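Descriptive analysis of the structure
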Amino acid sequence: MNAPAGEREIEDLRTALEQEKAAHERTRNELALTELAYRLFVPSQFMKLMGANSILQARLGQHADQALTVLFSDIRDFTTLSESMNQQENFRFLNSYLGEVGPIIERFGGFIDKFVGDGIMALFPGGSDDGLRAAIGMLRNLERYNDGRQRASYYPLRIGVGLNSGITMLGTIGAQNRMETTVIGDTVNVASRLQSITRIYGAPLLISEHTLYGLADASRYSIRLIDRMRVKGKIHPQTVYEVFDADPAELRDAKRRTLSQFGHAIACYHLRDIERSRALLQQCRAAGPTDSVVELYIERCERYLASGEHEGTGELDLIPEWREEFSIGVAEIDAQHRQLLEQMRRLSDRVSSGSHVEVNEVLDFLGRYVVNHFRDEERLMRDSHYPFLEQHVHEHRTFQTYYLKLREEIENGNSDPTYINFRIQLLLVDWLINHTTKTDRHLGSFLRNPAVLDPEPGFVH
């Protein structure tokens, strides 16, 4: 017997509903798989930093400011290496190497934002220590990776890594039918430049002063200042530091033993006391014959003595006067910064002349000033709900720590005036100008117009 018409209609409706439910389930599964596929190309961490929970929320022009440590790395001499392999071998090799790097970066709280041929750009929202530990981990893992390559009769790899930290702009760029995520700004440019100059020094890991001052405790790492560099678009040189924790044990120990001689040698070179610099560098060479940075500076000394060519930025001859470019547009803060720079110049002059009484007077003033200025600046940040207060406060505390160390050296009288003036330039003047034109300028923009940093609801700073 056939079922009554009403029952058939109910059964047809039930079947249609089940089919529709199955279709919705397939659609949800396809969307989930699509989302997972997109994450292979656009990191979910990147979207979250812009305040978006899904790639489906991405829109052209979406942007945010974030405090990040940016890491650039590439394989040295990759072009020569790739010419010895066919296409399949090239891609297999690159994926093998990059497969080693990715988990290390993730382990320390970072993520790879871009693959650029044999290079990578990684971002660390957690700060300088995360980025630096990842870089050291990459270099230490490379030693193990090279052991395997050598057993397979392949040439060992060498890489260069550059790190810089600061407030960075993230966003989406392109056109309506084609867009991608990107990170732009000075923080990115300096990190890329540091990576590129690792070849010059033969040093695999270089960091900026911004990354150095962002570390919770720099004494936990093996770090030495090696140079100052000019960066396009910057009005003041950037100080370059080498981190050598991942060096071979013998070379690492030699660098640690000669930290003092090396530091004095670099100071003498930049202040054009070339004979003394060369003598100190030769002591460093005797302790570590394979130290490529020492060798580079000895060659620079020899060129100077032969031709008078000095390979330096030139700004260490005198402490710069206040310029309008240093202004952040907030009268109260600009006046304090100007006064601080004038007192630093006065300190340098008094150290050079050996006027101990006046040196102590300036040191007392600076001690009081630092406390008062930082207090006023932090009050402005709290009152205005500045989103990067924590990072700013950390930089202030770090400056105080370095200032107190320098003051102790000056008051103990254990270091010569040339070296002390070099330290005044690097630890006081450079910090002030670079902090002012980077972090403080961002603060100034926010104080003048907070809406600029939060143009649309739903986005984060």
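The structure displayed is predicted, hence computed values, not measured ones.

Turning to the nonpolar core, a few remarks are in order. L205 and L347 are the most contacted members of the largest nonpolar core, which has 95 residues in total. With 11 residues, helix α15 (residues 417-448) is the largest single contributor of residues to this core. Here L205 is in contact with L132, A135, I136, L139, V161, L163, Y241, E242 and V243, once residues within four sequence places are set aside. One finds V70, M121, V183 and V188 within the second-largest nonpolar core, a separate group that totals 11 residues.

It is worth spelling out the packing of aromatic side chains at this point. The full count for this structure, using the stated rule, is 8 aromatic pairs. Through a chain of ring-to-ring contacts, the aromatic side chains of Y386, F388 and F446 assemble into a single cluster. Positioned over the ring face of Y297 is R300, at 4.8 Å from the centre of the ring. The aromatic ring of Y402 is capped on one face by K405, whose charged end is 5.5 Å from the ring centroid.

This structure, assessed with the given rule, holds 26 salt bridges. Between R133 and D130 there is a salt bridge whose closest N-O contact spans 3.0 Å. Of this pair, R133 and D130 are both found in helix α5 (residues 128-151), 3 residues apart, which corresponds to roughly one turn of the helix. For R133, a relative accessible area of 29% gives the class partly exposed. Judged by relative accessible area, D130 falls into the buried class, the value being 17%. Of the charged contacts in the structure, one is a salt bridge between D253 and R256, with a shortest N-O distance of 3.9 Å. Separated by 3 residues within a single helix, D253 and R256 lie in helix α8 (residues 249-257), roughly one turn from each other. Residue classification places D253 among the partly exposed positions, given a relative accessible area of 34%. For R256, a relative accessible area of 39% translates into the label partly exposed.

Conventions adopted
Residues numbered from 1 in each chain as written. Predicted model: local features only at pLDDT ≥ 70, side-chain atom pairs only at ≥ 80, totals over all residues. Heavy atoms only, no water. Core = buried A, V, L, I, M, F, W, Y, C linked by side-chain atoms within 4.5 Å. Buried < 20%, exposed > 50% of the residue type's maximum accessible area, 1.4 Å probe, protein only. Helix = DSSP H or I, 4+ residues; strand = E, 2+ residues; numbered from the N terminus. Contact = heavy atoms within 4.5 Å. Phe/Tyr/Trp six-rings, centres within 6.5 Å; stacked < 30°, edge-to-face > 60°. Lys NZ or Arg CZ within 6 Å of the ring centre and 35° of its normal. Salt bridge = Lys/Arg side-chain N within 4 Å of Asp/Glu carboxyl O.

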